[in-house]
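Listed below, chain by chain, are the residues.
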Amino acid sequence: GAIGLLESLLTLQLIDELTNTKGNGNREAFGQGLGQFLSGAFGGMGGCTTIGQSLMNIHSGGSTRLSSSVAATFMLLIILVAYPLINLIPVASLAGVMFIVTYFTIEWGSFKIVLAALLPEKVREKRGIYTKVKRSDCIIMLIVVAVTLIFDLA
């Protein structure tokens, strides 16, 4: 629903910044709403854009909408054709793959920005640290992350 749409619009904004393009949020919202409706009408489960998949696509050299479709098509083929082989992969190794994907998905430089924003203003001025991010925004973000992890909301 609404959270999926927000994630999709956030992903659209992030990809626009990374690729120096301009997406259409209204078209994204309409397309996702139509997709959710048709999925429900045929007994399917709705979904939304994921930041992780989009970032992996961009970092792998994909730059157009076709790259997402190609990735989805190959994923479908792997699931439909190679499922006997996939069932042989130990779950522990899949967890390792997830950690690697997570490692390359995180923008590690953002931790410095968060830490700088959490410092008292006098300390930042004394050390010449300037950031656009407000302390209140960082605190809210950290609270949301903590609540999401504690109550398993992801």
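Residues numbered from 1 in each chain as written. Predicted model: local features only at pLDDT ≥ 70, side-chain atom pairs only at ≥ 80, totals over all residues. Heavy atoms only, no water.

Asker: Please give an account of the overall build of the protein that cites residues and values.
Answerer: Scanning the protein from N- to C-terminus turns up 9 helices and 0 strands. Taken against the 2.2 N^0.38 rule, which gives 15 Å for 154 residues, the C-alpha radius of gyration of the protein at 19 Å runs more than 25% over that of a compact globule. Based on the C-alpha atoms only, the size of the protein along its principal axes is roughly 60 × 40 × 35 Å. Each of the 154 residues in the protein was classed as buried or not, and the buried ones make up 12%. For the protein, the share of sequence-separated contacts (at least 6 apart) that also reach a separation of at least 24 residues comes to 42%. Carbon together with sulfur atoms contributes 70% to the accessible area of the protein, which is approximately 12,300 Å² in total. Where the 11 positive side-chain charges of the protein centre and where its 9 negative ones centre are 9 Å apart. (Helix = DSSP H or I, 4+ residues; strand = E, 2+ residues; numbered from the N terminus. Rg over C-alpha atoms; globule rule 2.2 N^0.38 Å. Buried < 20%, exposed > 50% of the residue type's maximum accessible area, 1.4 Å probe, protein only. Contact = heavy atoms within 4.5 Å. Areas by Shrake-Rupley, 256 points an atom, 1.4 Å probe, with all protein chains shown as cover. Lys, Arg positive; Asp, Glu negative; His and termini not counted. Charge placed at Lys NZ, Arg CZ, Asp CG, Glu CD.)

Asker: How would you summarise the layout of surface pockets if you had to cite specific residues and measurements?
Answerer: Estimates place the volume of the largest pocket at around 1,600 Å³. Along the walls of the largest pocket sit 33 residues, with Leu10, Leu14, Ile51, Ser110 and Met141 positioned nearest its centre. When contributions to the lining of the largest pocket are tallied by element, the ones reaching two or more residues are α1 (2–19), α3 (51–59), α6 (91–105), α7 (109–118) and α9 (135–150). Residues of the lining of the largest pocket, tallied by class, amount to 21 nonpolar, 7 polar and 5 charged. (1 Å grid on protein atoms, 1.4 Å probe; cavity = no way out; pocket = protein on both sides within 12 Å on 5 of 7 lines; lining within 4 Å. Points joined across faces, edges and corners; volume = space filled by probe spheres on them. Nonpolar A, V, L, I, M, F, W, Y, C, P; charged D, E, K, R; others polar.)

Asker: Please provide a residue-by-residue account of the packing of aromatic side chains, values included.
Answerer: Any pair of aromatic rings gets described here by the distance separating the centres and the angle formed by the planes. On inspection of all chains with the given rule, the structure shows 3 aromatic pairs. A ring pair is formed by Tyr103 and Trp108, whose centres lie 5.5 Å apart and whose planes are at 45°; its orientation type is tilted. Exposure remark for Tyr103: the relative accessible area of 45% places this residue in the partly exposed category. The class for Trp108 is partly exposed, based on a relative accessible area of 42%. Where Trp108 meets Phe111, the ring centres are 5.5 Å apart and the plane angle is 35°; that geometry is what we call tilted. In this structure an aromatic cluster arises from ring pairing among Tyr103, Phe104, Trp108 and Phe111. (Phe/Tyr/Trp six-rings, centres within 6.5 Å; stacked < 30°, edge-to-face > 60°.)

Asker: Can you break down the side chain of Asp16 residue by residue, with the values?
Answerer: One can find Asp16 in helix α1. An unpaired buried charge is present at Asp16: no salt bridge exists, and Lys22, the closest side chain of opposite charge, is 5.1 Å distant. With sequence-adjacent residues up to four places away left out, Asp16 is seen in contact with Thr21, Lys22 and Gly23. (Salt bridge = Lys/Arg side-chain N within 4 Å of Asp/Glu carboxyl O.)

Asker: Describe the confidence of the model for the protein, listing the residues and the values that go with them.
Answerer: Segments scoring low in pLDDT should not have their predicted coordinates read at a detailed level. Looking at the protein as a whole, the pLDDT averages 88, with 99% of positions reaching at least 70. Considering each helix and strand of the protein separately, the mean pLDDT is smallest for α3, with a value of 81, and largest for α9, with 92. (pLDDT = per-residue confidence, 0-100.)

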